[in-house]
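Working through the structure, step by step
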Amino acid sequence: MSEKTPLLHYRLSSSTHGSERSVGISVEKSPRVPRETVEKPPVKLSTFVGVIIPTVLSMFSVVIFLRIGFVVGHAGLYQSILMFLVAYLIITMTVLSVCAVSTNGAIDAGGAYYMISRALGPEFGGSVGILYFFANVCGCALYVLGLVEAITVSFGISEDGVGLAYSHHVLPVGYWWSFLYASGVLLLCLVVCLVGANVYAKATLLIFFIVMIVLSSVFVSFFIVGPRVVVLPAVFANSTLPTTANFTGVKLDTLLGNLWASYTVDYTTGSVMSFITVFAVMFNGCTGIMAGSNMSGDLKNPGYSIPHGTLTAVVFTFITYNLLAVLVSCSCERLLLQRNYSFLRDINIWYPLVMVGIYSSTLSAAMSNLIGASRILFAVSRDNIFGGVLAPASRTSKTGNPWVSVLMSWSLVQVVLLSGKLNTIASIVTICFLLVYAAVDLACLALEWASAPNFRPTFRYFTWHTCALGIVGCLVMMFLISAIYASVSITFMLVLLLLIHYLCPTSSWGYVSQALIFHQVRKYLLKLDVRKDHVKFWRPQVLLMVANPRSSTGLITFINDVKKSGLYVLGHVQLGKLEMLPADPLQSCYDSWLSLVDHLNIKAFVSLTLADSVRHGIQHLLLISGLGGMRPNILVLGFYDDCSTKDNLQDCVFSTSALSLDKFNPDKVQKRIFHFPAVRGDRVGSEAASAKDLSIEEYVFVIADAVKMQKSVALARYFCTFNRSEVFARAKPGQSGLYVDVWPLNLLRPDSGSYVDTCSLFLLQLACVLHMSHAWHQARLRLFLCVKTGSCLQEAEEKLQRMLKDLRITADVYTVPWDHIVVLHGQRQAKVNQFHPKVQTEGHKEGAAERLQSFPSNTTLLSDEYLCAVNLLIREHGDPPPAVRFLYLPHPPADTRRYTSYLHQLDLLSRELGPTLLIHGVAPVLTTDL
């Protein structure tokens, strides 16, 4: 048999990985396979039959008969042994990962795909699974074409009637004849696969003994066959090249001549060999390590058989390869090794024996790849990763054989056979399998790094270092074999990963990514020391209290823009006492709130609590929300008024009850209840009367409590009318523009006249943070400075401009004279009926009047006239109208009897201003230092 195709035997061996899908994989019961389709459990195999034999056959295949001469002839004995050591070091790292993952639980149909998908999730598993499937399909075609070419070389006769070298002149050759022979061989493989994987499983023992007999004859031939002259293949029409070479038998002189490397032109390709090219060719024969792990469902004791059997097979093949390299170096001239890669056939005690070994191992590898491809396709379709596209492939026969996936795999192999070129697909097959090996190492590495309590494989002889080394080794080999094909394969896998990520339904397998995130977040939260906080790196961390999200979507989305990559928590208090209830009512609400977060596309956490009052509930959330250095520093409340609201969650998904798919069983439809009550305007009767769960005093108590706990407070008013998309439409050309107004002065105390206190700077910082967000970057900040006519307006404006420059804040500064308003400050308010009815409910008028009458006679209250004048001043200087206003929120009064008056003043100050934030800051947040 001569090498007609360049590096044919390297190309044949490059699909050796395919046999690792060793046939005999049973189809176990799964939730999607009807129970009646599985008649009886599969036959269980021992370690020798179930692991050692398929792994050895996968790693040997035709390679051991056709590659040794190529490796030793070019690299020499020393570098050949070095190559085997490096190659087996790489695959041993992957073997350790395979043993670890496979002993951490039962493995279903799909082998490597099943391990990767259950560890890394459907996105990664599905993309690698498709690559694994195509690799097996191409590998099957590769072996079939190689077998056909080996047969035609031995028995073929050319179209002009001239027999080929070493042939017996029986079979006609040509493209279509080769395709016909390949189709016949593939049809034989199809019949075996349709009958069942057990047919091939029983034949593996016979094939193994055939290969061992052939291999034994090769070893014996080195010692009992005398020296002889071997005719070299006449590949190059060059009379100056030798036509014969010598087999000397075991001699020291021959060994000394083969110790060192002698890289030369490869006679099959005409390319000059090097250490890298020879190593890449040799490495392909050292794979196939996952054959045993893929048969875990057929093993009597997988936890014992997979690690022991796989490692035994690796050690056996390693010793065999090195021993054969030594014997070849001792008995064959360098010229024979470099010019005749099939020399083992010529020096064997019986010429046809090596050919029998080549034919049988190639045929078994082809069937193994076809069955492996069908099992992978069946597993992927059963997991419903690609929806209904692959649904037919999940159908099985009464015995559990996935006959539809077998037919689909066979048809794809038949298409690949049309190429008729081994070189076209060999490198792609090798790289795809190496990518699968790297993915298995990555899965094991992720499980190890996640430190999940349930990851406790019985095989413990691995560390994250071995996993990382296996990943690096596989990736390096991919690019050594073909950088172009490696890049294309990785790109294709990433594209599939993104498609599955956006199209695949939620799975119930569990995601190692969540475990890894938990592990890393916990580690870095411990490092986030609150004692090292610095004002330079301050960022808003917000707790937004939401009574009913149906009327608060505008505020929720707005605060998401203000958080500046900080912590954002949606808080909700449900009234009740746990001791009076049979179960915690909040557990059934979390899913609704998380669905709300997904629907609004915000980055927020959800924190719910059960308390006897809203005040106590907010205290609980302020104390327990967050962890370590990530705790809320700003409390945001809706304003206490009777502003009419509307339901902004009209999506059918958030109806009182909606039908949705069960995420644990996509074929099952379940009724999903969302725990969001109707808005106040839609309630009637007693529900409308008890729409508010806290009184005016309790509301102000919440503000005072937050300040005592060193939390800044923001009161959001009129955000029920805030629509983010409509606001951003103003920034388009031809519109009025997008503005954010900031009034940094305490308008309730004009005598202070300061805009550089902690609260004013906090107000300015939040406005700047909003402006820095991507969505609000086109907005313009307008800063209004209220001054008296007696002061120098220009000097005050210049001073503020210098401060803004030092703080790196861009804003338009406007000076606003307000002498005519300041004179109204300090007037007494004596009548209770002047309180605005929207601020005070009927149930609190009498109590408020009594408290007002109990005030000391010298108590000075702000007059409604002054507050309305300030409100009018703000509105007059809001042209064009801003998207949102930032106002100064004074500290609640120390006298709790004045809480009602305090809220009344805030109401008059902010009435009819549109979306407004009244902010009270308690900590420095700005600095001019680097």
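Residues numbered from 1 in each chain as written. Predicted model: local features only at pLDDT ≥ 70, side-chain atom pairs only at ≥ 80, totals over all residues. Heavy atoms only, no water.

1. A look at the overall build of the protein
In terms of helices and strands, the protein carries 31 helices and 16 strands. Counting only residues that meet the buried cut, the protein has 56% of its 930 residues in that class. Taking as baseline every contact in the protein between residues at least 6 positions apart, the subset at least 24 positions apart corresponds to 82%. A total accessible area of about 40,000 Å² is found for the protein, and carbon and sulfur atoms account for 61% of it. (Helix = DSSP H or I, 4+ residues; strand = E, 2+ residues; numbered from the N terminus. Buried < 20%, exposed > 50% of the residue type's maximum accessible area, 1.4 Å probe, protein only. Contact = heavy atoms within 4.5 Å. Areas by Shrake-Rupley, 256 points an atom, 1.4 Å probe, with all protein chains shown as cover.)

2. Notes on the sheet that holds strand E16 (residues 916-920)
The 10 strands are arranged E7-E6-E5-E8-E11-E16-E15-E12-E13-E14 in an open sheet whose pairing can be described as mixed. In this open sheet, the two edge strands, each paired with only one partner strand, are strand E7 (605-611) and strand E14 (812-817). Neighbour-to-neighbour, the strand axes of this sheet turn through a mean angle of 25°, independent of strand direction. In terms of strand pairing, strand E5 (residues 542-545) meets strand E6 (residues 568-575) through four bridges, oriented parallel. Considered in E6, the bridge of Met545 is made with Gly571. Along the sheet face, helix H20 (residues 553-562) touches E5, E6, strand E8 (634-638), strand E11 (712-717), strand E15 (884-888) and E16 and points at about 145° away from the line of E6. Packing of helix H22 (residues 614-624) onto the sheet brings it into contact with E5, E6, E7 and E8, and relative to E7 it is tilted by some 135°. (Pairing = 2+ DSSP bridges. Axes fitted to C-alpha atoms, helices over the stretch in contact; angles between N-to-C directions.)

3. Observations regarding the nonpolar core
Grouped together as the largest cluster of nonpolar side chains are 157 residues, with contacts concentrated most on Phe65, Phe222 and Leu417. No other element matches the 19 residues that helix H4 (residues 68-102) contributes to this core. Once residues lying within four places of it in the same chain are set aside, the contact partners of Phe222 are Phe247, Gly249, Val250, Leu324, Leu327, Val328, Ser331, Leu344 and Ile347. Among the nonpolar cores identified, the runner-up in size contains 63 residues, and Ala604, Ala714, Phe722 and Ala811 belong to it. (Core = buried A, V, L, I, M, F, W, Y, C linked by side-chain atoms within 4.5 Å.)

4. A short note on helix H26 (residues 758-772)
Here H26 contains 15 residues, and its C-alpha end-to-end distance of 21 Å stays within 8% of the 21 Å for a straight helix at 1.5 Å per residue. Most of H26 sits out of view: 12 of its 15 residues are buried. When we look at burial in H26, the residues that qualify are Cys759, Ser760, Phe762, Leu763, Leu764, Gln765, Leu766, Ala767, Cys768, Val769, Leu770 and His771. (Expected span 1.5 Å × (residues − 1).)

5. Structural notes on the packing of aromatic side chains
Tallied over the full model, the rule gives 29 aromatic pairs. Seen in terms of ring centroids, Phe84 and Tyr321 are 5.3 Å apart; in terms of plane orientation they differ by 20°. Their pairing is stacked. With Phe84 in helix H4 and Tyr321 in helix H11 (residues 302-331), this pair connects stretches of sequence that are 237 residues apart. Considered together, Phe84 and Tyr321 belong to a single accessibility category, that of buried residues. Here the aromatic rings of Phe558 and Phe722 are separated by 5.6 Å at their centres, their planes lie at 75°, and the arrangement is edge-to-face. Residue Phe558 is located in helix H20, and its partner Phe722 is located in the loop between E11 and helix H25 (724-729); the two are separated by 164 residues in the primary sequence. (Phe/Tyr/Trp six-rings, centres within 6.5 Å; stacked < 30°, edge-to-face > 60°.)

6. Comments concerning the packing of helix H6 (residues 122-155) against helix H14 (residues 351-382)
Between H6 and H14, the least distance of the axes is 8 Å, while the angle of their chain directions is 160°. Our classification of the angle between H6 and H14 gives roughly antiparallel. In terms of crossing hand, the pair formed by H6 and H14 is left-handed. Here the residues of the contact of H6 with H14 are counted per class, giving 22 nonpolar, seven polar and no charged. (Parallel < 35°, antiparallel > 145°, perpendicular 65-115°, else oblique. Left-handed = near helix turned anticlockwise from the far one by under 90°. Nonpolar A, V, L, I, M, F, W, Y, C, P; charged D, E, K, R; others polar.)

7. Some details on the environment of Ala366
With respect to the helices and strands, the residue Ala366 is situated in helix H14. Taking the C-alpha atoms as reference, Ala366 lies 9.3 Å from Val137; in sequence the two are 229 residues apart. Filtering out sequence-adjacent residues up to four positions away, Ala366 remains in contact with Cys140, Tyr143, Val144 and Cys189.

8. Comments concerning unusual backbone geometry
One can expect most non-glycine residues to show negative phi and most peptide bonds to be in trans. With an omega of 0°, the peptide bond running from Asp879 to Pro880 counts as cis. Relative to the assigned elements, Pro880 resides in the loop between helix H30 (864-876) and E15. The residue Glu912 is not glycine, and still its phi comes out positive at about 60°. Inspection of the secondary structure puts Glu912 in the loop between helix H31 (899-910) and E16.

9. Some thoughts on the environment of Val278
With respect to the secondary-structure elements, Val278 resides in helix H10 (residues 275-283). Residues Val278 and His74 lie 204 residues apart in sequence; the distance between their C-alpha atoms is 7.6 Å.

10. Brief notes about the pattern of salt bridges
Any two side chains of opposite charge can pair, so long as their charged atoms come close to each other. Enumeration over the complete set of coordinates arrives at nine salt bridges. The salt bridge involving Arg724 is made with Asp561; its shortest N-O contact spans 2.8 Å. Taken as a pair, Arg724 in helix H25 and Asp561 in helix H20 lie far apart in primary sequence, 163 residues in all. According to the relative accessible area criterion, Asp561 is buried, its value standing at 8%. Note that Arg615 is salt-bridged to Asp705, the shortest N-O span being 2.6 Å. Placement of the pair is Arg615 in helix H22 and Asp705 in helix H24 (residues 696-708), with a sequence separation of 90 residues. (Salt bridge = Lys/Arg side-chain N within 4 Å of Asp/Glu carboxyl O.)

11. Points about a nonpolar patch on the surface
On the surface, a nonpolar cluster with roughly 620 Å² of combined accessible area is contributed by Val220, Phe223, Ile224, Val250, Ile349 and Trp350. As for its placement among the helices and strands, Phe223 is situated in helix H8 (residues 197-224). In this structure Phe223 comes out as exposed when scored by relative accessible area, which is 57%. (Patch = residues over 30% accessible without salt bridge, like charges linked within 9 Å, V, L, I, M, F, W, Y side chains within 5 Å.)

12. Examining the packing of H22 against H24
Running from N to C, H22 and H24 point in directions that differ by 20°, and their axes come no closer than 9 Å. On the basis of the axis angle, H22 is roughly parallel to H24. With respect to the hand of their crossing, H22 and H24 are arranged in right-handed fashion. Between H22 and H24, the contacting residues are Val614, Arg615, Ile618, Gln619 and Leu622 on the first element and Glu698, Phe701, Val702, Asp705 and Ala706 on the second. Here the contact of H22 with H24 is built from residues that sort into six nonpolar, one polar and three charged.

13. Digging into the environment of Thr244
The topology assignment puts Thr244 in strand E4 (residues 244-247). Of the residues examined, Thr244 reaches a relative accessible area of 36% and is grouped as partly exposed. Between the C-alpha atom of Thr244 and that of Pro233, which follows or precedes it by 11 residues, the distance is 8.7 Å. Excluding residues within four positions of it along the chain, Thr244 makes contact with Val229, Val230, Val231, Leu232 and Leu335.

14. Comments concerning the confidence of the model for the protein
Mean pLDDT for the protein: 79, with 80% of residues reaching 70 or above. Low pLDDT, under 50, characterises residues 656-673; the stretch is placed with 35 contacts to residues that sit more than four places away or in other chains. Below a pLDDT of 50 lies the segment residues 828-860, which in the model reaches 49 contacts outside its immediate sequence neighbourhood of four places, other chains included. (pLDDT = per-residue confidence, 0-100.)

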